[in-house]
Amino acid sequence: MKTMLTRFGALVVALFLGGCAQPPPPPPVAPPDTRAADEASIRAASKDWVAAAQAKDAEKFASFYAPDATLMMEAAPDVKGAAALREAVSGMMKDPN
């Protein structure tokens, strides 16, 4: 009798634990490969940035920077923020060289 109760208890525990088991998650899906498009986008933005600098268009040049950007140049204090960056770049772009 005691053996039968032990087996019954073990069966109940096994069923209980088996009912709590979750199926394994599905395998992850690989994200799409966008490297070529990303590279083309970066190269286009780089060309536009250079074109803005060559055209001495301070507004367009500054548009490539985040609103909280910090521009660090050699032998000059750091320029922080969009307005300050625009002003600093504007001054540099007035130079005829």
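Structure first, text after, so check above.
Residues numbered from 1 in each chain as written. Predicted model: local features only at pLDDT ≥ 70, side-chain atom pairs only at ≥ 80, totals over all residues. Heavy atoms only, no water.

Novice: Outline the overall build of the protein, listing residues and values.
Specialist: Scanning the protein for helices and strands turns up 4 helices and 2 strands. Starting at the N terminus and walking to the C terminus, you meet the elements of the protein as α-α-α-β-β-α. Here the C-alpha radius of gyration of the protein, 32 Å, is well above what a compact globule of 97 residues would show, namely 13 Å. With respect to the three principal axes, the spread of C-alpha positions in the protein is 105 × 30 × 20 Å. When the 97 residues of the protein are sorted by exposure, 11% land in the buried category. Long-range pairs, those at least 24 residues apart, make up 33% of the contacts in the protein with a sequence separation of at least 6. (Helix = DSSP H or I, 4+ residues; strand = E, 2+ residues; numbered from the N terminus. Rg over C-alpha atoms; globule rule 2.2 N^0.38 Å. Buried < 20%, exposed > 50% of the residue type's maximum accessible area, 1.4 Å probe, protein only. Contact = heavy atoms within 4.5 Å.)

Novice: So, the pattern of salt bridges: which residues are in play, and what are the values?
Specialist: Once their charged atoms are close, side chains differing in charge can pair, the charge on each being opposite to the other. Under the criterion given, the structure shown has 3 salt bridges. Across the salt bridge formed by aspartate 33 and arginine 35, the nearest N and O atoms sit 2.8 Å from each other. As far as the burial class goes, aspartate 33 and arginine 35 line up, both exposed. Between arginine 43 and glutamate 39 there is a salt bridge, and its shortest N-O distance comes to 2.8 Å. Of this pair, arginine 43 and glutamate 39 both sit in helix 2 (residues 35–54), separated by 4 residues, roughly a single helical turn. For glutamate 39, a relative accessible area of 42% gives the class partly exposed. (Salt bridge = Lys/Arg side-chain N within 4 Å of Asp/Glu carboxyl O.)

Novice: Tell me about the environment of aspartate 48, and please be specific about residues and values.
Specialist: Among the secondary structure elements, aspartate 48 is positioned in helix 2. What makes aspartate 48 partly exposed here is its relative accessible area of 40%. Aspartate 48 sits 19 residues away from proline 67 along the chain, and the two C-alpha atoms are 19 Å apart.

Novice: Describe the packing of aromatic side chains, listing the residues and the values that go with them.
Specialist: Within the structure shown, the criterion is met by 2 aromatic pairs. When the centroid spacing of 5.7 Å and the interplanar angle of 45 degrees are considered together, the rings of phenylalanine 61 and tyrosine 65 count as tilted. Following the ring pairs from residue to residue traces out a cluster consisting of Trp49, Phe61 and Tyr65. (Phe/Tyr/Trp six-rings, centres within 6.5 Å; stacked < 30°, edge-to-face > 60°.)

Novice: Residues and numbers for the environment of glycine 91, please.
Specialist: Structurally, the position occupied by glycine 91 is in helix 4 (residues 82–93). A sequence separation of 17 residues divides glycine 91 from glutamate 74, and the C-alpha atoms of the two residues are 16 Å apart.

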